[in-house]
Amino acid sequence: MKTKDARKSAILESLKGGLIVSCQVQKDDPIYTDDIVVKMAEAARWAGAVGIRANSPEQISAIKKAVPELPVIGLWKVWHDDTDVFITPTMKEVDAIYETGAEIIALDCTAQITHEKTVAWDLLKQAKEKYPDAIFFADVSNYDEAKHAIENDADIVAPTLYGYTKETALSNRTRISSSGFDPWYTQ
């Protein structure tokens, strides 16, 4: 762990070895209700989760109110037709997530080009300069992006976008469709 900040260290330590549960739902999801993410987060707490990953300022705020003892990894999924970058894609979304009080801010740190015509991973450095007290979670899709995120002082790095970028969508995978299901396997 690079940080010497006691608050950041305590949050990161509290996550080690535990389960972080993603409590996210979009308005067009079949299970969507106004309070479903709160119920999901409460169930995760009951089951022993050490943290929550949540989407959008509204859902993050509701979860933080319901389970204030669990750290929240906040992100905001925003889609644009001209890019595949959708996880906290601009400073506007970083600002909104920071304002919710989420302990950790997740953002796309891939080499993809954003709606703003910049490389997605450039936002990490800008966000860290604007919010030096924040913890940043770099969502990447491959080794080179992970290495870049580490070199740019991401606090947490995970391959959450593997399979969601053009480069990794079908890389090293073959679809088996002759059976009644379509499992993926790595060759």
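Structure: above.
Scope of this entry: the structure provided in the associated data block. (Residues numbered from 1 in each chain as written. Predicted model: local features only at pLDDT ≥ 70, side-chain atom pairs only at ≥ 80, totals over all residues. Heavy atoms only, no water.)

## Notes on the packing of aromatic side chains
So, step 1. Under the defined criterion, the tally for this structure stands at three aromatic pairs.
So, step 2. Pairing Trp79 with Phe86 gives two aromatic rings, centres 5.4 Å apart and planes at 10°, and the pair type is stacked.
So, step 3. Accessibility expressed as a relative area gives 51% for Trp79, which makes it exposed.
So, step 4. Put simply, the rings of Trp79, Phe86 and Tyr164 pair up and form one aromatic cluster. (Phe/Tyr/Trp six-rings, centres within 6.5 Å; stacked < 30°, edge-to-face > 60°. Buried < 20%, exposed > 50% of the residue type's maximum accessible area, 1.4 Å probe, protein only.)

## A few points about the pairing of strand β3 (residues 72–75)
So, step 1. Both faces of β3 are covered, namely the face carrying Val72 and Gly74 and the face carrying Ile73 and Leu75.
So, step 2. Looking at chain direction, strand β2 (residues 51–55) and β3 are connected through four bridges and run parallel. Note that in β3 the partner of Asn55 across the bridge is Leu75.
So, step 3. Handedness of the crossover joining β2 and β3 through helix α3 (residues 57–66) is recorded here as right-handed.
So, step 4. In this structure, β3 lies alongside strand β4 (residues 104–108), joined through two bridges in parallel fashion. Following the sheet pairing, Ile73 is matched in β4 by Ile104.
So, step 5. In this fold, the crossover linking β3 to β4 by way of helix α4 (residues 91–100) has right-handed handedness. (Helix = DSSP H or I, 4+ residues; strand = E, 2+ residues; numbered from the N terminus. Pairing = 2+ DSSP bridges. Right-handed = clockwise from strand over helix to strand, strands pointing away.)

## With respect to the pattern of salt bridges
So, step 1. Inspection of every chain in the model, using the stated rule, returns nine salt bridges.
So, step 2. For Lys16, the salt bridge identified is with Glu13, shortest N-O distance 3.0 Å.
So, step 3. A relative accessible area of 54% means that Lys16 is categorised as exposed.
So, step 4. In this structure Glu13 comes out as partly exposed when scored by relative accessible area, which is 42%.
So, step 5. Glu69 is the partner of Arg45 in a salt bridge, and the nearest nitrogen-oxygen pair spans 3.0 Å. Of this pair, Arg45 sits in helix α2 (residues 36–46) while Glu69 sits in the loop between α3 and β3; the two residues are 24 residues apart in sequence, bridging distant segments of the chain.
So, step 6. For Arg45, a relative accessible area of 34% corresponds to the partly exposed category.
So, step 7. Exposure remark for Glu69: the relative accessible area of 47% places this residue in the partly exposed category. (Salt bridge = Lys/Arg side-chain N within 4 Å of Asp/Glu carboxyl O.)

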